[in-house]
Structures are given as C-alpha cells and as structure tokens.
Amino acid sequence: MAARKPKVIVTRKLPDPVETRMRELFDTELNLTDAPLSAEQLADAIGRADVLVPTITDRLDEALLAKAGPTLKVIANFGAGVDHIDVAAAIARGITVTNTPGVLTEDTADLTMALMMAVSRRIVEGANVTQAGEYHGWNPTWMMGHRITGKRLGIIGMGRIGQAVARRARAFGLQIHYHNRKPVSSRIAEELEATYWESLDQMLARMDIITVHSPHTPATYHLLSARRLKLLQKHAILVNTARGEIIDENALAELLKAGSIAGAGLDVFEFEPTINPKLLGLPNAVLLPHLGSATIEGRIDMGEKVIINIRTWMDGHKPPDRVIPAMM
Ligand code: 8YV
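Here the structure is a predicted model, which means the values were calculated and not measured.

Asker: Would you mind going over the sheet that holds strand β2 (residues 27–29) with me for this structure?
Answerer: The strands that make up a sheet pair up through hydrogen bonds in the backbone, lying either parallel or antiparallel. Pairing within the open sheet is parallel, and its five strands lie in the order β2-β1-β3-β4-β5. Strands with a single pairing partner mark the edges of an open sheet, and in this sheet they are β2 and β5 (96–98). The average undirected angle you get between the axes of adjacent strands in this sheet is 15°. Sheet topology note: the strand β1 (residues 7–10)/β2 ladder contains three bridges and is parallel.

Written out as structure tokens, the structure reads:
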C-alpha cells in the first residue's frame, strides 16, 4: 500500500502547473479564491497541515507558530525572502523552514536594471505624457534624463542577486562598487572589476546610483537611515528591489520631494502593500507593485523548488533549501 500523502496547505493561488503537480504528489489543499488568509485561517491551516506553503503575504510570527499542530513539520515558503517567518521560533518547535533561492535571481536583476533605466531616462513620465496625448513634438531640451554609461553603481548586498545586477550593469558601462559583510572572492571581484567598501557611508557619498540587494534582518532594518540617505549626492538615484524595511521610507520621500536626490525606483515598500502617501505622485519616483520575481517562468521554477523541498523531506532527507538562521 502506498504511504500516506502528507497534508500540504497552500496559502495563495500558485501557477496551474505547480498546483496540479502538488495535487498529484501530496494531499494538497489549494486556495482557489487567492484571498490572503486571515490570522485565524492561518492558525487553522498550521493546526492541520504536515506542510504549509506560505508566501510573503502570510505573517508567521511566534504567537501564530504557537498554534502549530503536532503534525506540522515543514514550512516550505514560496519565495526567497523569509522575513515574514519567525524562523528561529519555527526551528525551536522542530519545524523545518525552506525557501526558493536562485530561481528568481535573474528576473529580479532584470527588474532592477529596468528601474535604473526607468528613473534615469524618465521612461514612466514619458510614457504617461504620451498616453495622455500630451506629446506635441520633439524638443531639444525637454524630458532630459541622465546617461547611465560611465556612472558608478553602488551595490548594497553582493549575494546572488547583487552579482547578477553587477554583470548586467557592466554591460551598460557602469563601474561596480559594493558594500557587503565581506568581500566577494577575488575571481568574482576581478570578473566584475568591482571595488569593495567596508564603509557603507563612504560608498554612499560617492555613487551615482545605489541599488539594494540585502535581505531584511534586524541588522539591515533601516540600514539606509535618514542620516545615511543624506550622504547621497544630489544627482544620485536609489533603487530597491529587496525589502522596503531596509530604507527609512519617510526620510527618502522627503529627500525626493526636496530634490535632494534625483530619483528612486522602488519595487518594495516598508508597509507593503500600503504605499507611503508621501511617495505617491512624486514625478521622480517610479513605484512598482513588488514585481521582482513576477515572470511565469520564475514563478513555476519557485513552485518546482517548493515541491523538491517537500519531496526530499517526505523521502526522509534534508530539504536542499533549508533556512538556517546563521545564514540570514
Ligand atoms: C516573491 C520575493 O514573489 O522571493 C522573494 O523574496 O520578494 C518575491 O519576489 C515573494 O516573496 C513570494 O512569496
């Protein structure tokens, strides 16, 4: 007789091929309406499941995890970032947490470049003017942005995504600088001709474009504080496709409004999905609704990773993408 299939509860609608395969492999409960689960519904799910498949929209803090039933063994997050999960509390309860690193690197790096270009070349402003029927003829001094080639890019967080951005940026003629807990290997530093700054303050004050690629942890919360943001040059632009909490959003909005920095491209927000009203309507801010990994291919690959993590656990092995707090 076949072994009992584990009860897997998925909190949001995932791409069809992922859901179909999950139904084949596991006793899977899907969220067909895609409405985010309330705290009560989440508590009910972790009370009944062997495996929970949450997303960034589910807050799994210590109080909620206290409601986990005895069968809950794995939280297989659909996404790379796990700042919505109290990983230490889960591990203390004997629950393994996994994520989906690697498969969203290229898509997030692409979107980062898109934001860099959009802000520097005023792409959204230009598109809006044209859509509104307000383009009345070419003008030699109208809608001027800034050149990308030859500028200095400061990357905060030189992990997979930071490096993928650096590779693309090199092709655009940008000079790569970075701040990270430790320098990258000399092979990568040479390949990217990258300059390491142990002092974030020193790097911020010298760059034309800054892009954020670190995870959100207690150590990176408001890493770009009001004080640090003031170090940026007046012509600098700031891009964030990592996590909103890394930037003091109020301080950023004030600098943008005052023209103390040139622009910002933000895909993530401090109080997501609420957008700071001070950011709304600013012509020098390009705001996107957390699209970093939003490609069909990427989301299917993320689902594949979730399945592999659950499958290896079912087979009695350690899932490949276990999140270990020391790594965060
Ligand atoms: C995901 C992300 O779409 O993976 C991440 O960390 O920020 C997003 O791109 C989201 O987390 C899905 O849960």
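Asker: For this particular structure, what's the right way to read the environment of Asp-50?
Answerer: Turning to its location among the elements, Asp-50 is positioned in the loop between α2 (39–48) and β3 (51–53). Its relative accessible area of 7% is what places Asp-50 among the buried residues. In this structure the C-alpha to C-alpha distance between Asp-50 and Ile-9, which are 41 residues apart in sequence, comes to 8.1 Å. Sequence-distant contacts of Asp-50, defined by excluding residues within four places in its chain, comprise Arg-4, Pro-6, Lys-7, Thr-71, Leu-72, Lys-73, Val-74 and Trp-313.

Asker: Just checking my understanding: could you explain the packing of helix α5 (residues 105–120) against helix α7 (residues 160–171) for this structure?
Answerer: Helix packing for two helices is described by the angle between their axes and how far apart those axes are. Put simply, α5 and α7 touch, their axes get as near as 9 Å, and they point 50° apart. Relative to α7, the element α5 lies oblique. When you trace α5 past α7, the crossing you get is right-handed. Judged by residue contacts, Thr-105, Glu-106, Thr-108, Ala-109, Asp-110, Thr-112, Met-113 and Met-116 of α5 engage Arg-160, Ile-161, Ala-164, Val-165, Arg-168 and Ala-169 from α7. Counted by class, the contact of α5 with α7 contains seven nonpolar, three polar and four charged residues.

Asker: Is there a simple way to think about the site of the ligand in this case?
Answerer: Around the ligand sit Thr-55, Ile-56, Phe-78, Gly-79, Ala-80, Gly-81, Leu-104, Arg-243, His-290, Ser-293, Arg-299 and Met-302, and that is every residue in its neighbourhood. Ala-80 has a polar backbone atom sitting 2.7 Å from an oxygen atom of the ligand. A distance of 2.8 Å separates an oxygen atom of the ligand from a polar atom in the side chain of His-290.

Asker: Which parts of the structure should I look at to understand the packing of aromatic side chains?
Answerer: Evaluation of the coordinates by the stated rule reveals two aromatic pairs. Centre to centre, the rings of Tyr-135 and Trp-142 are 6.2 Å apart; their planes meet at 5°, and the pair counts as stacked. Between Tyr-178 and Tyr-196, the aromatic rings sit 5.2 Å apart at their centres with planes inclined by 45°, giving tilted as the arrangement. Within this pair, whereas Tyr-178 is found in strand β7 (residues 175–179), its partner Tyr-196 is found in strand β8 (residues 195–196), the two being separated by 18 residues in sequence. For Tyr-178, a relative accessible area of 1% gives the class buried. Residue class for Tyr-196 comes out partly exposed when judged on its relative accessible area of 22%.

Rules used throughout
- Residues numbered from 1 in each chain as written.
- Predicted model: local features only at pLDDT ≥ 70, side-chain atom pairs only at ≥ 80, totals over all residues.
- Heavy atoms only, no water.
- Pairing = 2+ DSSP bridges.
- Helix = DSSP H or I, 4+ residues; strand = E, 2+ residues; numbered from the N terminus.
- Axes fitted to C-alpha atoms, helices over the stretch in contact; angles between N-to-C directions.
- Buried < 20%, exposed > 50% of the residue type's maximum accessible area, 1.4 Å probe, protein only.
- Contact = heavy atoms within 4.5 Å.
- Parallel < 35°, antiparallel > 145°, perpendicular 65-115°, else oblique.
- Left-handed = near helix turned anticlockwise from the far one by under 90°.
- Nonpolar A, V, L, I, M, F, W, Y, C, P; charged D, E, K, R; others polar.
- Near = heavy atom within 4 Å.
- Polar contact = N/O pair within 3.5 Å; in protein donor to acceptor, adjacent residues only side chain to side chain.
- Phe/Tyr/Trp six-rings, centres within 6.5 Å; stacked < 30°, edge-to-face > 60°.

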